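The primary structure of each chain is shown beneath.
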Amino acid sequence: MDRRTYIYTVTPLFVFLNCGELLVARLGATMALVVASVAMLVVWGAVWSRLCRQKLRSEFAVLSILPQLVFYVSQCTQPLVFSETPFWGTLYALLWLGCLGTAVVTVLPDTRGTGPLRDPVFLLLIPLAIFCSVSGFLQYYPYFSSSI
């Protein structure tokens, strides 16, 4: 998958997946999981394709959807299973860091001669990816931490 198609496909879907509370409130937990699962499948496929094109380890594509998947699955289980110990909040933070790292690697320029710090698209998408990851983490973290 080329870079432009990847960006146009994945960016709106990441924003959509980070609207988990809105989806659960409007659709209910089970239907939100079903709708989000379709979006997660598309995101996973696009990230996997992009990592294969860059000749990187494509198994890390699952890190791009794992934090959101944990949230949607935990919403279907009424007693919040992840709120028992602070360990789950820390693990969840690490999942978001993995998601951010995968997002940064997949938006690198295709051409080998272009440095990432000279590419305007990369420089635009890095703050967007950081903001999306941090806001998603802060939105979902209270569900996984007993200290808040």
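Residues numbered from 1 in each chain as written. Predicted model: local features only at pLDDT ≥ 70, side-chain atom pairs only at ≥ 80, totals over all residues. Heavy atoms only, no water.

1. Here's the deal with the overall build of the protein chain
Broken down by element type, the protein chain carries six helices and zero strands. Secondary structure elements of the protein chain occur, N-terminal to C-terminal, as α-α-α-α-α-α. Taking all contacts inside the protein chain whose residues are at least 6 apart in sequence as the whole, residues at least 24 apart take part in 75%. Surface accessibility of the protein chain: about 8,200 Å² in total, with carbon and sulfur atoms responsible for 72%. (Helix = DSSP H or I, 4+ residues; strand = E, 2+ residues; numbered from the N terminus. Contact = heavy atoms within 4.5 Å. Areas by Shrake-Rupley, 256 points an atom, 1.4 Å probe, with all protein chains shown as cover.)

2. A few points about helix α4 (residues 66-76)
If you check which residues of α4 are buried, you get Pro67, Gln68, Val70, Phe71, Tyr72, Ser74 and Gln75. Where α4 is buried, its residues contact α1 (3-17), α2 (20-27), α3 (29-53), α5 (87-106) and α6 (120-140). (Buried < 20%, exposed > 50% of the residue type's maximum accessible area, 1.4 Å probe, protein only.)

3. Section: the pattern of salt bridges
On inspection of all chains with the given rule, the structure shows one salt bridge. Of the charged contacts in the structure, one is a salt bridge between Glu59 and Arg57, with a shortest N-O distance of 2.5 Å. Among the residues examined, Glu59 registers a relative accessible area of 46% and is labelled partly exposed. (Salt bridge = Lys/Arg side-chain N within 4 Å of Asp/Glu carboxyl O.)

4. Structural notes on the nonpolar core
Tyr6, Leu17, Val43, Tyr72 and Tyr92 are the most contacted members of the largest nonpolar core, which totals 33 residues. Residues within four places of Leu17 in sequence aside, it is in contact with Ala36, Ala39, Met40, Val43, Gln68, Tyr72 and Tyr140. (Core = buried A, V, L, I, M, F, W, Y, C linked by side-chain atoms within 4.5 Å.)

5. Describing the packing of α5 against α6
Their axes nearest at 10 Å, the elements α5 and α6 cross at an angle of 160 degrees. Classed by the angle they form, the pair α5 and α6 counts as roughly antiparallel. Seen along the crossing, α5 lies across α6 with a hand that is right-handed. Along its contact with α5, which presents Gly89, Tyr92, Ala93, Trp96, Leu100, Ala103 and Val104, the element α6 presents Phe122, Ile126, Ala129, Ile130, Cys132, Ser133, Gly136, Phe137 and Tyr140. In the contact of α5 with α6, the residues fall into 13 nonpolar, three polar and no charged. (Axes fitted to C-alpha atoms, helices over the stretch in contact; angles between N-to-C directions. Parallel < 35°, antiparallel > 145°, perpendicular 65-115°, else oblique. Left-handed = near helix turned anticlockwise from the far one by under 90°. Nonpolar A, V, L, I, M, F, W, Y, C, P; charged D, E, K, R; others polar.)

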